[in-house]
Amino acid sequence: MALGKWMMAACMAVALASGAQAAPPATSGNPILQGWYADPEAAVFGSRYWIFPTTSAVYEAQTTFDAFSSPDLLHWTKHADVLNAKAVPWAKRAMWAPSVVENNGKYYFFFAANDIKNDSELGGIGVAVADRPEGPYKDLLGKPLVGAFHNGAQPIDQFVFKDDDGAWYMIYGGWKHANIVRLTDDFTGVLPLADGTLFKEITPAPEYVEGPLMFKRGGRYYFMWSEGGWGSPDYSVAYAIADAPTGPFKRVGKILQQDEAIATSAGHNSVIQVPGTDRWYIVYHRRPHGDSARDHRVTAIERMEFDAQGHILPVKITHEGVAADPLR
């Protein structure tokens, strides 16, 4: 028996020395991206998962976006500099919070820029276009799509959503106000909503701060957003449900927040639904345990599940992340 164990150990040593590959990782681990990245937008294009995050740095350095793609949620490929301020003449700094969609064979990259504080400043929400998810993206309009405050909402943190009837909507807004607009099919402007308004406020609760997101499940519209201060440990995610994209929405509760033993400031999320399934993931940013540096934010992923009534179950943040989920 002892000889057998010795021979097995010897064979393993030879295999390792000869370059045999180690077993693949069982889970993704968190963070899933290497580097300081925040405000992740998650999507599925073709046979790959994609994440488009904000570069977490001082505002003057936020002039470029990287993207990441994966076939299985475990192995991520970096696509550097997919959109750069050099391709957007009016964008100078603070380029934030991508939302990327495919439309008629092209890819559209919505972003915020310049962190404007009033209507006299140039900036707001822009849109760029490319032939591939990894770009390179070029400015579509030569100016912001939304470049002013409406209903008190700072024009940042846009999320673009296509409804089942083919209508495109954009939900956006900072400074504790959220608006919804209907986009033209070519994303060059906005259309009146059913009630005739162009910019309709749908702020779901007094706790709303920023980072809106919308998805549809079981015929109902889920509206997620971030609460608390983005630089504070209590940054978190809550949600509401409605029967129409314009609401009315009523806050259900908080489902993602810090675990002081793991990470703080867990917020500004997106979600992935694996095509053809009811498997969902939440992608978000957080601050490493014990790290309070302003721009030290990293991107993480967890499973997101629902109860029998369709409520989102509280998400536990982890170091492990998720298991492989290859696209087919």
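As the structure is a prediction and not an experimental result, all values here were calculated from the model.

Student: Now, about the environment of Y107: what can you tell me, with residues and values included?
Tutor: Within the secondary structure, Y107 sits in strand β6 (residues 106–113). Looking at Y107, the relative accessible area reads 15%, which means it is buried. Here the alpha-carbon distance between Y107 and P133, two residues 26 residues apart in the chain, equals 6.0 Å. Setting aside residues no more than four positions away along its own chain, Y107 makes contact with F45, V101, E102, A128, V129, A130, D131, R132, P133 and Y137.

Student: Kindly report on the layout of surface pockets, identifying the contributing residues and their values.
Tutor: Roughly 700 Å³ of internal volume is contained in the largest pocket. In this structure, the largest pocket is lined by 24 residues; those nearest its centre are A42, A43, V44, F159 and V271. Elements that contribute at least two residues to the lining of the largest pocket include exactly β1 (37–45), β5 (96–103), β9 (159–162), β14 (210–217) and β18 (263–273). Looking at the lining of the largest pocket element by element, the count peaks at five residues for β1. Of the pockets and cavities examined, the second largest pocket occupies roughly 290 Å³. Around the second largest pocket sit 23 residues that line it, and Y59, W96, I156, E210 and W230 are the ones nearest its centre.

Student: Explain the packing of aromatic side chains residue by residue, including any values.
Tutor: What the rule picks out here adds up to 23 aromatic pairs. For the pair F45 and Y107, a centre-to-centre distance of 5.1 Å together with 75° between the ring planes defines the contact as edge-to-face. Of this pair, F45 sits in strand β1 while Y107 sits in strand β6, placing them 62 residues apart in sequence. There is no split in this pair, since F45 and Y107 are both buried. Between F110 and F187, the aromatic rings sit 5.3 Å apart at their centres with planes inclined by 70°, giving edge-to-face as the arrangement. Linking F110 in strand β6 with F187 in the loop between β11 (179–183) and β12 (190–191), this pair joins segments that are 77 residues apart in sequence.

Student: Give a description of unusual backbone geometry that names residues and reports values.
Tutor: Backbone torsion omega between G135 and P136 reads 5°, so that peptide bond is classified as cis. Position of P136 among the secondary structure elements: in the loop between β7 (124–130) and β8 (138–139). Note that the residue after G247, namely P248, is joined by a cis bond; omega there is 10°. Relative to the helices and strands, P248 is located in the loop between β16 (236–242) and β17 (250–256). One non-glycine residue, A94, adopts positive backbone phi at about 50°. Inspection of the secondary structure assignment puts A94 in the loop between β4 (77–84) and β5.

Calculation notes
- Throughout, a residue's number is its position along its own chain's written sequence, starting from 1.
- Totals for whole chains, interfaces and linings use every residue, but because this is a predicted model, local features are given only for residues with pLDDT of at least 70 and side-chain atom pairs only at 80 or more, for both listing and counting.
- Here the side-chain values reflect all heavy atoms present in the structure, with hydrogen atoms and water set aside.
- Strands here mean DSSP runs of E at least two residues long; helices mean DSSP runs of H or I at least four residues long; both are numbered from the N terminus.
- The classification of residues rests on relative accessible area computed with a 1.4 Å probe and restricted to protein chains. Under 20% of the type maximum is buried, over 50% is exposed, and intermediate values are partly exposed.
- Working rule for contacts: check all heavy atoms of both residues, and any pair within 4.5 Å makes them a contact.
- Residues are said to line a cavity or pocket when one of their atoms sits within 4 Å of a point; the points come from a 1 Å grid over protein atoms alone, cavities being sets where a 1.4 Å probe fits but cannot get out and pockets being open sets with protein on both sides within 12 Å along at least five of seven lines.
- Grid points are joined across faces, edges and corners, and a volume is the space filled by probe spheres set on the points.
- Here the aromatic set is Phe, Tyr and Trp, taking the six-membered ring for Trp, and pairing holds for ring centres within 6.5 Å; pairs whose planes are under 30 degrees apart are stacked, those over 60 apart are edge-to-face, and all others are tilted.

That's the geometry; what it means functionally is another story.
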